[in-house]
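Examination of the molecular architecture
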Amino acid sequence: MSEGPTGRGRGAGDPVPAPGRTEEQAELLRRVADGDEDAFAELYDATSATVHGLVLRLLRSPELAAEVVQEVYLMAWQQAERFDAGRGTALAWLCTMSHRRAVDRIRQNQRERDRDQQYEVRQAQTPSDSTWSEVEQALDSGEVRAELAALSPLQREAVCLVYYRGYSHRQVAEHLDVPLGTAKARIRDGLNNLRSALGVRQ
C-alpha cells in the first residue's frame, strides 16, 4: 500500500492502553495492513494522544510535532504489515517510529542551523565577495553610485543594507521579510552585476 489516510480522529486516548486494549490495537493494525480505513481511524483515536505527547516532548514545537505525528501515521498506514505482535504492542511500535522520526527532525533542523551559522561566520571572517574588494574603495564615487542605481530595486536595497549599514545576511532577510536564501541571492546577483559593470571600465 503506497497511499492512504494521513490520520483523523479526536486526537484523544488513554496514555497507556489498558490490558484488554493491547490485543485490540494489534488487531486494528492487522486490519490496517489489509487496507481497512475504519480500523486506521480507530487506531489513530486510540493512540494519537500518546504519540503526540512523545513527539512534543522531544521537539518542543507544536507545529513540528503535528507534522511528525502525521508522518508517523502515514508510515503506519504504509507499513502496517511489518508489525509483529510477538515483538511488542501496537502502541510500542508506533512510539518507536515516532521517536525515530522526531530525532531525525531534530538532526535535520540542527544541520540547517549549523549551515546558516557557519555561513554567517565565514561572512564575518572573510571579505564578503571578491567583487566587493574591487569596488570598496570607490563606494563614494559617482560612478559606483550610478551603477548601484542601475541595479534592480531589490538587489540595490539588499546590497546597500549589507555594505552601507553593516547588516548580516540574516538581518537583511529579516528586514526585507524574505527567506535567507532569497536575501543571499539578491546580494550575490547585485554584486555580480556590479562586477560586470565595473569590468567594462577596467
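Refer to the structure printed above.
Residues numbered from 1 in each chain as written. Predicted model: local features only at pLDDT ≥ 70, side-chain atom pairs only at ≥ 80, totals over all residues. Heavy atoms only, no water.

1. What about the overall build of the chain?
For the record, the criterion: Secondary structure elements follow DSSP: runs of H or I no shorter than four residues count as helices, runs of E no shorter than two count as strands, and numbering proceeds from the N terminus. Using a 1.4 Å probe on the protein chains alone, a residue whose accessible area is under 20% of its type maximum counts as buried, one over 50% counts as exposed, and one in between counts as partly exposed. Residue contacts follow a heavy-atom distance rule, with two residues in contact if any of their heavy atoms lie within 4.5 Å. All accessible areas in this document rest on Shrake-Rupley with a 1.4 Å probe, and a residue is counted as covered only by the protein chains that are shown.
Scanning the chain from terminus to terminus reveals nine helices and zero strands. Among the 202 residues that make up the chain, the fraction classed as buried is 37%. Partitioning the intrachain contacts of the chain with sequence separation of at least 6 by distance along the chain shows that 68% fall at a separation of at least 24. On the chain, roughly 11,700 Å² of surface is accessible, and the fraction owed to carbon and sulfur atoms is 48%.

2. What to know about the packing of helix H2 (residues 37–59) against helix H3 (residues 62–79)
Operational definition: Simply put, an axis is a line fit to the C-alpha atoms, just over the touching stretch for a helix, and the angle between two N-to-C directions goes from 0 to 180 degrees. Oblique is the label for any angle not covered by the other classes, which are roughly parallel (under 35 degrees), roughly antiparallel (over 145) and roughly perpendicular (65 to 115). Should the near helix be turned anticlockwise from the far one by less than a right angle, the crossing is left-handed, and should it be turned clockwise, the crossing is right-handed. Basically, the charged four are Asp, Glu, Lys and Arg, the nonpolar ten are Ala, Val, Leu, Ile, Met, Phe, Trp, Tyr, Cys and Pro, and anything else, Gly included, counts as polar.
Contact geometry of H2 with H3 gives a least axis separation of 9 Å together with a crossing angle of 140°. Classified by the interaxial angle, the pair formed by H2 and H3 is oblique. Two packed elements cross with a definite hand, and for H2 against H3 that hand is right-handed. The residues of H3 that touch H2, namely those facing Glu-37, Phe-40, Tyr-44, Thr-47, Ser-48, Val-51, His-52, Val-55, Leu-56 and Leu-59, are Pro-62, Leu-64, Ala-65, Val-68, Val-69, Gln-70, Val-72, Tyr-73 and Trp-77. Grouping the constituent residues of the contact of H2 with H3 by class yields 14 nonpolar, four polar and one charged.

3. Some points on the layout of surface pockets
Put simply, the test is: Here a cavity denotes a set of grid points, spaced 1 Å apart and computed over the protein atoms alone, in which a 1.4 Å probe fits but from which it cannot get out, and a pocket denotes an open set meeting protein on both sides within 12 Å along at least five of seven lines; residues with an atom within 4 Å of a point are reported as lining. Grid points are joined across faces, edges and corners, and a volume is the space filled by probe spheres set on the points.
A volume near 300 Å³ is recorded for the largest pocket. Taken together, Gln-79, Arg-82, Phe-83, Asp-84, Arg-87, Gly-88, Thr-89, Ala-92, Trp-93, Thr-96, Met-97 and Arg-100 form the lining of the largest pocket. Counting residues per element, the lining of the largest pocket draws most heavily on helix H4 (residues 90–125), at five residues. Of the residues in the lining of the largest pocket, the class split is four nonpolar, four polar and four charged.

4. Some points on the environment of Arg-186
Tracing the backbone through its elements, the reader meets Arg-186 in helix H9 (residues 180–201). Arg-186 has contacts with Leu-154, Gln-155, Ala-158, Leu-176 and Val-178, leaving out every residue within four places of it along the chain.

5. Focus: the nonpolar core
Cut-off, in case you're wondering: Within this scheme, the nonpolar core is defined by two criteria: the residues are buried Ala, Val, Leu, Ile, Met, Phe, Trp, Tyr or Cys, and they are joined through side-chain atoms within 4.5 Å.
By size, the foremost hydrophobic cluster in this structure holds 26 residues, and its most contacted members are Leu-29, Val-51, Val-55, Tyr-73, Trp-93, Leu-94 and Met-97. At the level of elements, helix H1 (19–33), H2, H3 and H4 are the ones that each hand at least two residues to this core. Ranked by residue count, the leading element in this core is H3, at eight residues. Setting aside residues no more than four positions away along its own chain, Trp-93 makes contact with Leu-29, Ala-76, Gln-79, Ala-80 and Phe-83. Ala-158, Val-172, Val-178 and Leu-180 belong to the second largest nonpolar core, which has 11 residues in total.

6. Topic: H3
Quick note on the threshold: To estimate the expected span of a helix, count its residues, drop one, and scale the result by 1.5 Å.
Here H3 is 18 residues long and its end C-alpha atoms lie 25 Å apart, about the 26 Å a rise of 1.5 Å per residue gives. Those residues of H3 lying buried are Ala-65, Val-68, Val-69, Val-72, Tyr-73, Met-75, Ala-76, Trp-77 and Gln-79.

7. A closer look at a negative patch on the surface
What counts is decided by this rule: In this scheme, patches are assembled from residues that exceed 30% relative accessible area and form no salt bridge. Like charges are connected within 9 Å, while nonpolar side chains (Val, Leu, Ile, Met, Phe, Trp, Tyr) are connected within 5 Å. Here, a salt bridge means any side-chain nitrogen of Lys or Arg that lies within 4 Å of a carboxyl oxygen of Asp or Glu. Asp and Glu count as negative and Lys and Arg as positive, but His and the ends of the chain are not part of the count. Here the site of a charge means NZ on Lys, CZ on Arg, CG on Asp, or CD on Glu.
A cluster of acidic side chains, namely Glu-24, Glu-37, Asp-38 and Glu-42, defines a negative patch on the protein surface. If you tally residues by element for the negative patch, the top one is H2, at three residues. Structurally, Asp-38 can be placed in helix H2.

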